[in-house]
Amino acid sequence: MMSVTESFARVIHGLTVGHLTDHVIQRSKRMILDTLGVGFLGTSTEVFHKASEYSKIYNSNASSSVWGQSDLRLPPPYAAFMNGVAIHSMDFDDTWHPATHPSGAVLPVLTALSEALPSSQKFSGLDLLLAFNVGIEIQGRLMHFSKEASDIPKRFHPPSVVGTLGSAAAASKFLGLSMPECQEALAIAVSHAGAPMANAATQTKPLHMGNAAKHGMEAAFLAMLGLQGNKQVLDMHTGFGAFYANYSPKVLPNLESHTWLLGQQDVAFKRFPAHLATHWVADAAASVRKHLVTDRAPLPTDHIEKIVLRIPDVQYVNRPFPDSEHEARHSFQYVACATLLDGHVTVPSFHKSQISRPQVRELLSKVKLEHPGDNLPSFNTLYCEVSVTLSDGATFTECSDTFYGHWRKPLSQEDLREKFRANASSMLSCDRVERLIEIVDNLEDLGDCSHFNNSIVRFLLRFINI
C-alpha cells in the first residue's frame, strides 16, 4: 500500500498543465498579482531593510534579483528569502482557509528560480502556474489533515510550517525532480519547518515567510543531490504530525480523479495591511461610525463612554495599547479605534505618528472585549459586533459576518488591480505597472516564463531609485 508521503510525491511529480482548470488559473493569477504588489510595497519597510543588510553577506555572481534592491543579487534561496520577507512585512498578503498565507512562500521561489536557471532551460507561463498551484495545493492538503489547522493558530505560524513544504513542492515541480526526489524534498522540508506564534506582531514574523521560501528551495536542491530523509515523514505523528494536534493524514487520490483545493476554496485579499481578523472589526466599526458622524464632522470622542468588541478569543490579536506598527497590525482594539476615528484604515494608518495620536489613545482606553461562545476562531465562520455607548446612554451596534475581500465577498478584478497599482506605484512607473498587470493577466499564454520574471527584474533595476 502506498504511504501518505509517497502519494504526495506522486501528486507533485505527476500533475501536468493539463490538470489546470480555467477557474484555478484565474484565481491563481489574482493571487500572483496581489502578492507581487504587497511584496513591492514591503520593500520599503524597516524589517525588509534590516534583512537586506544581513543578506548582503551572501552576495554572489550566480544569483537572482532582490525586489527593490538594484545593487543586490543573491543565490536563489536567499533572493527568495528576501522577497518572502517583503511579501509578509506588512501582513498584507493573501489568506486562505484553513488558516495560512499561501502565496508568499511559493511565488518568490519561482521568480528566483526562473531567473537563475540556465537560459537553455525554457519554462512556459503554464509551467510557472502549474508549479505555483502545486505549492498551494500541497499546503491545503496538509492543513486538511487536522481540525486544529482550521482555526486561527495559537502555537505555530502556519506559513512557517505548511509554507515550507509548499515551497519545497513548487521548487521540486519547477526543477523537474523525480518522484523519489520529491519524496525526499518533503522529508527534508519538514525538518526546516516551524516558528512559534510568540513572535507574531514583531519584526521577526515576516522572517517566517522568507524562511519558508528559502528552506523549501534548499530542501529541493538537497534532494537533487541525494540527501535522504524519512520516507514516511507525512504519515507519522513524530513527523509532520508534530506540528498539529488530531493529525490524521490520508493518502491523496489518484491523479485521474484529482481536483484542486483552490478550485473549491478561494483566498481572501486584504484591503489594508493587518491581521485578517481585524478586517471584520473594521467593517463593523465603519458601519457604527455612520451613526455617530454626519457629513465631514469629527468623531465626538468626548461623548463616547464605552466601545465593546464582540469577537473570537484570539489572544495574539488582543493588544489594548499597541506601541509599534507590527503590534497595531495585530490589534483588534487599534483597528476598531482607527476606523471609528478616520472612517477607514489604510497603509499610513500604521505609521507611528498615527498610532500615538492622543485621540486614538483616548479611544483605546474605552475599549472592552467580549468573546461570545458561538464566535469561534475560524476565518470561515467568525463575526464581529461593535457597540459604541455615548455619555447620554445611547448605544449603536453593528455586526459584520463577511467583509469585502473575504472569499465569500471577493474583491472585483478591478479593485484587485487598484490595490496592485497603489502598492506597486511607489516603485514602478505607471506604464510599468500596467505592463506587469497585462503580463500576469496573460501568464498562461507566455511561451517562456523567464519573460515574466525578467519583466519584474528589468522594471525594478532600471526604473527604481531606492
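In every chain, residue numbers begin from 1 and rise along the written sequence. At least 70 in pLDDT is required for a residue's local features to be given in this predicted model, at least 80 for side-chain atom pairs to be given and counted, and no such filter applies to totals for whole chains, interfaces and linings, which use all residues. With hydrogens and water excluded, all non-hydrogen atoms of the structure serve as input to the side-chain values.

### Topic: the overall build of the chain
Phase 1: When helices and strands are tallied, the chain shows 18 helices and six strands.
Phase 2: Relative to the compact-globule value of 23 Å for 466 residues, the chain shows a C-alpha radius of gyration of 22 Å, a close match.
Phase 3: For the chain, the spread of C-alpha atoms along the three principal axes comes to 70 × 50 × 40 Å.
Phase 4: Within the chain, the proportion of its 466 residues that are buried is 60%. Each helix is a run of H or I in the DSSP string that is no shorter than four residues. Each strand is a run of E no shorter than two, and both are numbered from the N terminus. In this treatment the radius of gyration is a C-alpha quantity, and the globule benchmark scales as 2.2 Å times the residue count to the 0.38 power. Throughout, exposure labels follow a simple rule: accessible area from a 1.4 Å probe, protein chains only, divided by the maximum for the residue type, with under 20% read as buried, over 50% as exposed, and the rest as partly exposed.

### Some thoughts on the sheet that holds strand 3 (residues 304-310)
Sheet strands pair via backbone hydrogen bonds, and the direction of the pair is either parallel or antiparallel.
Phase 1: Criterion used throughout: strands pair if DSSP finds at least two bridges between them. The four strands lie next to each other as 4-3-5-6, forming an open sheet whose pairing is mixed. Both edges of this open sheet fall to strand 4 (367-370) and strand 6 (395-400), since each of them pairs with a single strand only. Neighbour-to-neighbour, the strand axes of this sheet turn through a mean angle of 15°, independent of strand direction.
Phase 2: With six bridges connecting them, strand 5 (residues 384-390) and strand 6 associate as antiparallel partners. Across the sheet, the residue bridging to V388 is F396, located in strand 6.
Phase 3: Along the sheet, helix 11 (residues 278-292) contacts strand 5 and strand 6; its crossing angle with strand 6, the most-contacted strand, is approximately 145°.
Phase 4: Here, two residues are considered to be in contact whenever any of their heavy atoms come within 4.5 Å of each other. Here, axes are lines fitted to C-alpha atoms. For helices the fit covers the stretch in contact, and angles between N-to-C directions go from 0 to 180 degrees. Seen against the sheet, helix 13 (residues 332-342) touches strand 3, strand 4 and strand 5 and runs at an angle of roughly 130° to strand 3.

### Some points on the pairing of strand 3
Phase 1: Within strand 3, five of the seven residues are buried, leaving the element largely enclosed by the surrounding structure.
Phase 2: Bridge count for strand 3 against strand 5 is six bridges, and the pairing is antiparallel. Residue pairing for strand 5: R310 is matched across the bridge by E385.
Phase 3: Where strand 3 and strand 4 come together, four bridges link them in parallel fashion. Bridge assignment links I307 to a residue of strand 4, and that residue is V367.

### Notes on the pattern of salt bridges
Phase 1: Salt bridges are defined as contacts in which a side-chain nitrogen from Lys or Arg sits within 4 Å of a carboxyl oxygen from Asp or Glu. Evaluation of the coordinates by the stated rule reveals 23 salt bridges.
Phase 2: The shortest N-O distance in the salt bridge between R141 and E137 comes to 2.8 Å. Here E137 and R141 lie together in helix 6 (residues 125-143), a separation of four residues that amounts to about one turn. Taken individually, R141 and E137 each receive the classification buried, so the pair is uniform in this respect.
Phase 3: Ionic pairing is found between R421 and E418, a salt bridge with its closest N-O pair at 2.6 Å. Taken together, the positions of R421 and E418, both in helix 16 (residues 413-424) and three residues apart, correspond to about one turn of that helix.
Phase 4: A single salt-bridge network, built from bridges that share partners, covers E414, R417, E418, R421, E434 and D441.

### A word on the nonpolar core
Phase 1: Here, the term nonpolar core denotes a set of buried Ala, Val, Leu, Ile, Met, Phe, Trp, Tyr and Cys residues that are joined through side-chain atoms within 4.5 Å. One finds L234 and F240 to be the most contacted residues of the largest nonpolar core, which totals 103 residues.
Phase 2: Of the residues forming this core, the biggest block, 10 residues, is contributed by helix 6.
Phase 3: Contacts of F240, omitting those with residues within four sequence positions, involve L142, V161, V162, L165, V190, V233, L234 and Y247.

### So, empty space enclosed by the protein
Using a probe with the size of a water molecule, rolled over the atoms, empty space left in the structure can be pinpointed.
Phase 1: Every definition here rests on a 1 Å grid over the protein atoms only: cavities are sets of points where a 1.4 Å probe fits but cannot get out, pockets are open sets enclosed by protein on both sides within 12 Å along at least five of seven lines, and lining residues have some atom within 4 Å of a point. Grid points are joined across faces, edges and corners, and a volume is the space filled by probe spheres set on the points. Going through the model one piece at a time under the given rule, you end up with four cavities of 30 Å³ or more.
Phase 2: Contributing to the lining of the largest cavity are 15 residues, with H101, H157, H275, Y316 and F379 lying nearest its centre.
Phase 3: Residues were grouped as follows: Ala, Val, Leu, Ile, Met, Phe, Trp, Tyr, Cys and Pro as nonpolar; Asp, Glu, Lys and Arg as charged; and all remaining residues, including Gly, as polar. Per-class residue counts for the lining of the largest cavity are seven nonpolar, five polar and three charged.
Phase 4: One number sums up the size of the second largest cavity: a volume of about 80 Å³.
Phase 5: For the lining of the second largest cavity, a count of residues per class yields eight nonpolar, no polar and four charged.

### Quick word on the environment of A394
Phase 1: Examined against the element boundaries, A394 turns out to sit in the loop between strand 5 and strand 6.
Phase 2: Classification of A394 by relative accessible area gives partly exposed; the value is 27%.
Phase 3: Once the C-alpha coordinates of A394 and H23 are considered, the two residues, 371 residues apart in sequence, prove to be 48 Å apart.
Phase 4: For A394, the residues in contact, after removing those within four places along its chain, are V388 and T389.

Keep in mind these values describe shape, not function.
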